[in-house]
Amino acid sequence: MPSQMTSGSFYGMPRNPFSYEKVEQISRDITSSWLTLEEITQQLNLFQDESQDTYLSGLELATRMAIEDYLGMSIFPITYKAYYGATNNAMGMQTAYDLPEVSQGFRGQCGNVINCVAYYNAENPPTLTTVSSTEYYYDPSANRVIVNSFPNDISTTIANPIVITWQTRANPLSAYPVIKQAGLLLLTHLYNNRSNTTDGIRHDIPFGVAQLLRPYKPLVM
Amino acid sequence: MSIARYENIIVNNVTNGIDDLGQYTTTITEWFKTRAVVSDVTNSLRIAERYRVYQDLVNLKLNYTPWVKQMVDNQELFSITWREQEWRITDCREANDRMSVTFLCYYNQPNTPV
């Protein structure tokens, strides 16, 4: 590793173990179905009763999003944007930027695709300026972007002037039978319980949703 | 908890009409296949003067869906095929939480001489 490489601003920010200051989801698939209506109607014993297909499709989307959020990992691609502070050594130096969200690598492809690396320049008002794709590359071993160098006109008035946009890849987990079964269990629960309250006490079954998904939850170190 | 006794059933449309000769006709056409929880299967025998009359009864519990609500509202317009016999609906009971409907269905076997 080059001796001049730094890891952004996180050495002075112990509350955030990564180098980003802010992250947001900017695009998420809320229309494509993951579990098929055939699988759902078999699970619910509705079989060919198609009169609730629209309602079931909505439940299916909620189920998939809940599982993605529980795992902390996308099943379908999600686009994120993260903001980073500019350190003195960002200009003209090789710098690493952690990406807090990642999908699972599959068939030689890494889990993330970098869409754009940009920075706010020193104009007044600052303008978001895209960095050439030849100036950076993705490091799948540590899930971060290595930027060779930024120009020396990074804004000093924008709090976090470096912006990276990336998309998680479609996750092979989506085809795992155990993940799909967890989805069907959760969907059955949502189908059968349409209120936030119940009269009696409910108990989780052994090997329920949480236990089926637990081994696939990525460890955050 | 044991496995619930779900069995495949077919819901049929029943259409009554009158043919060219003035005879009443009943047309049965399949509407959709689904599954029901089968319970309380009973076979009763009533001996009349000349015939033995067998009447089978069964409870079929279905999920409450828009199509099942149509069956509740117009129970005379539907029949249910189960165990390769055609069953007619005599009673419908909606669950109070509107999550299921239980149909009491009957099937008359042909009269048999005593």
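So, how was this worked out
Residues numbered from 1 in each chain as written. Chains lettered and ligands numbered in written order. Predicted model: local features only at pLDDT ≥ 70, side-chain atom pairs only at ≥ 80, totals over all residues. Helix = DSSP H or I, 4+ residues; strand = E, 2+ residues; numbered from the N terminus. Axes fitted to C-alpha atoms, helices over the stretch in contact; angles between N-to-C directions. Parallel < 35°, antiparallel > 145°, perpendicular 65-115°, else oblique. Left-handed = near helix turned anticlockwise from the far one by under 90°. Contact = placed C-beta atoms within 7 Å. Nonpolar A, V, L, I, M, F, W, Y, C, P; charged D, E, K, R; others polar. Domains from an automatic or database assignment.

**Student:** Provide a residue-level description of unusual backbone geometry, including the pertinent values.
**Tutor:** Residue and element names in this part refer to chain A. With an omega of 0°, the peptide bond between Asn124 and Pro125 qualifies as cis. The topology assignment puts Pro125 in the loop between β4 (112-120) and β5 (128-130). In the Ramachandran plot, Asn143 falls in the positive-phi region, its phi being about 55° despite a non-glycine side chain. Mapped onto the elements of the fold, Asn143 is located in the loop between β6 (136-139) and β7 (144-147).

**Student:** I'd like a rundown of the packing of helix α2 (residues 53-71) of chain A against helix α3 (residues 177-192) of chain A, residues and numbers included.
**Tutor:** Residues and elements named next belong to chain A. At a minimum axis separation of 9 Å, α2 and α3 run at an interaxial angle of 125°. Taken together, the axes of α2 and α3 are oblique relative to one another. For the element pair α2 and α3, the recorded crossing hand is right-handed. Residue-level inspection shows Leu59, Glu60, Ala62, Thr63, Arg64, Ala66 and Ile67 of α2 in contact with α3, the latter providing Ala182, Gly183, Leu186, Leu187, Leu190 and Tyr191.

**Student:** I'd love a proper account of the interface of chain B and chain A, names of residues and values included.
**Tutor:** Taken together, the contact between chain B and chain A spans ten residues of the former and nine residues of the latter. Those elements that place two or more of their residues in the side of chain B that touches chain A are β2 (24-47) and α1 (66-73) of chain B. Ranked by residue count, the leading element in the side of chain B that touches chain A is β2(B), at four residues. Among the residues forming the side of chain B that touches chain A, the class breakdown is five nonpolar, three polar and two charged.

**Student:** Summarise the domain arrangement of chain A; cite the residues concerned and give the values.
**Tutor:** In terms of domains, chain A is made up of domain 1 (10-27 + 77-172) and domain 2 (34-74 + 180-194 + 202-216). Relative to domain 2 of chain A, the C-alpha centre of domain 1 of chain A lies at a distance of 35 Å.

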